[in-house]
Amino acid sequence: MAELDTSSGGGHKKGPGVKKAKKLSTRVDLTPMVDLGFLLITFFIFTTTMSQPTAMRLFLPKDADKPEDQNKAKESGAFTILLGKDNHVFYYEGILNTANASANFKSANFGSGDDGIRNAILRKKANTNEKDLVIVIKPGDECTYKNVVDILDEMSVNVIKRYALVDISDVENKLVKLSEASAPAN
Amino acid sequence: MARPKIPRKSTNIDMTAMCDVAFLLLSFFILTTKFKPAEAITVTTPNSVAAKAAPDKDIVLVTLDKNGKVFLSLDDEQKKEYIANTLNTTKNLGLNVAAFKKAAFIGGSFSQLKSFLEIPEESRKGDALPGIPTDSTKGSNEMIEWMRLVNDAYQGKKMNLLLKGDNLAKYPAFKSVIDAFKKNDFLKFQMVTNPESVPIGSELWKNNQKGEKRDD
């Protein structure tokens, strides 16, 4: 198919003085073309499956107006994550010590390093009874949608069964604003 | 003794057939790829490890762009017709029902809705539109009303409530959307994200290795 008949170059008389014309092969090596073809196929297959968006499910708790209807969390099992502006993350365990905030109010980041929020969650998970562990996520006014999704994603990555998205309180908001100034941006 | 001559066979394989197949497949894949339609509202969604594909039927999509503007879109024309008629009777907006049915998304307050529908479809761009007002500090959260209309239109029939937010959208805008969901007892919704691989060594990764089913 890819070869052309080159044998029909006759007709010339091969006299003694006539130089023999060099016969060039017209066969083309198609191997690189096949390679390229399959490379493009793999590329297209990968890009089509990758662009399929996924959906992350979130179940919201029903609003409880009366304080006695609200779910209670044990102090030992509570772990609160606060989200600030410019990807700042802060967390504390149990109840926030408002008098001496530095006692349990800590700063973290979205990385997976030792000071990342993932390790903080894992540490808490390791030394808490699984039934008691409740993670409270309090996004501040300045944090982005990405931060919220990232932290919810952290819950599924670390297989946290109970977590809640709660409004930030004024005290916490002030503390976050104060700490943002001193904490390194990331 | 004369040995029989073994005919020397050429090791050259004719690649033409293979080349044909490769390019046939290539053209097939190129032609079957659905191109992403140019979106009127540009949204860059965040990544998540969620593995479930986003539904594409019976969707009620709330879009949150990077400036915190909220847009609503439904894919069922019958429901849209119902909503337009309800709005016309209850609020006397005088909407063009056919235009409402065709509109890909809604991006304005109730009072601006009539003029919004008069803008030609091509020039409705998310950046130029005000979006549905949600900030309850500057008036009413109209999303609550919209979600009630959606609730009435679907009347408990199956629908997928999707939220597609931009990375840079601020939390208060997200919160007012969630509030609107909660007020209408839509306690289950899905957030559109881009897939991301599960970090190696994490708990979820270990569970996946064990073959445990995920409930995300």
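Above this note sits the structure.
Rules and cut-offs
Residues numbered from 1 in each chain as written. Chains lettered and ligands numbered in written order. Predicted model: local features only at pLDDT ≥ 70, side-chain atom pairs only at ≥ 80, totals over all residues. Contact = placed C-beta atoms within 7 Å. Helix = DSSP H or I, 4+ residues; strand = E, 2+ residues; numbered from the N terminus. Nonpolar A, V, L, I, M, F, W, Y, C, P; charged D, E, K, R; others polar. Pairing = 2+ DSSP bridges. Axes fitted to C-alpha atoms, helices over the stretch in contact; angles between N-to-C directions.

**A few points about the interface of chain A and chain B**
- Of the residues lining the interface, 40 residues belong to chain A; the matching set on chain B comes to 52 residues.
- At the level of secondary structure, the elements contributing two or more residues to the side of chain A that touches chain B comprise α1 (31-50), β1 (54-59) and α3 (145-157) of chain A.
- Of the residues belonging to the side of chain A that touches chain B, the class tally is 23 nonpolar, ten polar and seven charged.
- For β1(A) and strand β5 (residues 188-195) of chain B, the ladder comprises six bridges, and the chain directions are antiparallel. What sits directly across from L58(A), in β5(B), is F189(B).

**A look at the sheet that holds strand β3 (residues 89-93) of chain A**
Residues and elements named next belong to chain A.
- With mixed pairing, the five strands of this open sheet are ordered in space as β4-β3-β2-β5-β6. Only two strands of the sheet have a single neighbouring strand rather than two, namely β4 (106-108) and β6 (163-165). Adjacent strand axes in the sheet meet at a mean angle of 25° when their direction is disregarded.
- Taken together, the five bridges between strand β2 (residues 78-83) and β3 define a ladder with antiparallel strand orientation. Residue I81 lies in a different strand from β3, and its bridge partner there is Y91.
- Where helix α2 (residues 117-126) meets the sheet, its contacts fall on β2, β3, β4 and β5 (134-139), and the angle it forms with β3 comes to roughly 10°.

**Some thoughts on the pairing of strand β2 (residues 59-64) of chain B**
Residues and elements named next belong to chain B.
- Bridging between β2 and strand β4 (residues 160-165) involves six bridges; their strand directions are parallel. Bridge pairing in β4 links V60 to L161.
- Relative to strand β3 (residues 70-74), β2 is paired through five bridges, and the arrangement is antiparallel. Across the sheet, the residue bridging to L64 is V70, located in β3.
- The turn linking β2 back onto β3 is made up of five residues, and G68 within it adopts a positive phi angle of 80°.

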